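Single-letter residue listing:
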Amino acid sequence: MKRSVPKFAFPLLLFGLLVLGFSVSSAFAASPMPVRYQPTPVIVQHNPAPTPRPAPAPVPAPTPAPAGLTADEAALYDLINSARADNNVTPVSINMNAVQAARSKAQDMISNNYFGHMSPTYGSPGQMLNRFGVYFRSAGENIAKVATVYKAHVNFLTSTRGHRENMLNPNFNQVGVGVIRHNGYVVVVEEFVQV
């Protein structure tokens with residue numbers, strides 16, 4: 001006896017194979033064969049925005065040294081006005097007659113081998129200033145004999161004997177400075193005046 005296969009069995013078989021094929025291919029797609037994965041190293045650099053720097057303070061143009069001063073005298077004059085500015089005191093201007101008096105006093109101390117406010121040649125600081133044509137309401141004198149102009153300035157500024165008070169006196173509005181180099185040191189004279 002021969003069995004007969006129904007006519008619709010063949011299409012069902014094909015349909016079943018197709019469905020099974022899709023299932024199998026879906027399963028493979030979802031679970032691929034394991035593949036060795038070696039990631040390429042990625043270097044991440046963190047470049048934060050640069051921290052803004054404050055703008056540099058404008059550098060004031062150097063004030064030219066008053067005409068007629070030596071380099072040492074100009075440096076001393078700048079130091080004096082810098083100290084006054086640091087202490088909220090108005091600057092002093094140069095009085096060239098007082099400069100001549102200060103230079104003469106420095107040379108007088110060298111020539112006559114003394115160190116003091118009373119000069120054997122010119123008398124007191126007030127007498128000397130009058131002799132050089134400096135007329136004033138009040139005056140103050142600072143003298144030093146040290147290695148450098150800067151050292152003299154620091155000594156005046158840290159002195160407890162009235163040198164600092166002369167330099168920072170708001171009533172003084174003019175100054176004469178004299179610096180003479182001699183035998184490895186400087187003789188410094190400051191003549192402060194209120195005119």
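This structure is a prediction, so every number in the text was calculated from the model and none was measured. Positions within a chain are numbered from 1, following the residues in the order the chain's sequence is written. Totals for whole chains, interfaces and linings use every residue, but because this is a predicted model, local features are given only for residues with pLDDT of at least 70 and side-chain atom pairs only at 80 or more, for both listing and counting. Side-chain calculation: all heavy atoms of the structure are included, whereas hydrogens and water are not.

**Notes on the sheet that holds strand S2 (residues 138-146)**
- Two strands are said to pair when DSSP picks up at least two bridges between them. Note on conventions: DSSP H or I runs of at least 4 residues are helices, E runs of at least 2 residues are strands, and numbering of each starts at the N terminus. Strand order in this open sheet of four strands is S1-S3-S4-S2, and the pairing throughout is mixed. Edge positions in the sheet fall to strand S1 (93-94) and S2, since each of these pairs with one other strand and no more.
- On top of the sheet, helix H3 (residues 96-111) reaches S1, S2, strand S3 (174-182) and strand S4 (185-194); it is set at about 30° to S3, its chief contact.
- Its contacts with the sheet place helix H5 (residues 149-157) against S2, S3 and S4, and it is angled at close to 130° to S2. The contact rule is simple, with two residues in contact once any of their heavy atoms fall within 4.5 Å. Every axis corresponds to a line fitted to the C-alpha atoms, with the helix fit spanning only the stretch in contact, and the corresponding angles, defined between N-to-C directions, vary from 0 to 180 degrees.

**Points about the pattern of salt bridges**
- We define a salt bridge as a contact between a side-chain nitrogen of Lys or Arg and a carboxyl oxygen of Asp or Glu at a distance within 4 Å. All chains considered together, the criterion is met by three salt bridges.
- For the salt bridge of arginine 181 with aspartate 72, the shortest nitrogen-to-oxygen distance reads 2.8 Å. Here the residue arginine 181 occupies a position in strand S3, and aspartate 72 occupies one in helix H2 (residues 71-86), the gap between them amounting to 109 residues.
- One salt bridge in this structure joins glutamate 141 and lysine 105, with 3.0 Å as the shortest N-O distance. One end of the pair, glutamate 141, is in strand S2; the other, lysine 105, is in helix H3, with 36 residues separating them in the sequence.

**A short note on the packing of aromatic side chains**
- Here a Phe, Tyr or Trp ring, Trp counted by its six-membered ring, pairs with any other such ring whose centre lies within 6.5 Å, and the pair is stacked when the planes are under 30 degrees apart, edge-to-face when over 60, and tilted otherwise. This structure, assessed with the given rule, holds two aromatic pairs.
- Summarising the aromatic geometry, the rings of phenylalanine 172 and phenylalanine 192 are spaced 6.0 Å apart at their centres and angled 20° between planes, so their arrangement reads as stacked. Taken together, the residues span a long stretch of sequence, with phenylalanine 172 in the loop between helix H6 (163-168) and S3 and phenylalanine 192 in strand S4 at a distance of 20 residues. With respect to class, phenylalanine 172 is no different from phenylalanine 192; both count as buried. Exposure categories follow from relative accessible area, calculated using a 1.4 Å probe and restricted to protein chains: below 20% of the type maximum is buried, above 50% is exposed, and the middle band is partly exposed.

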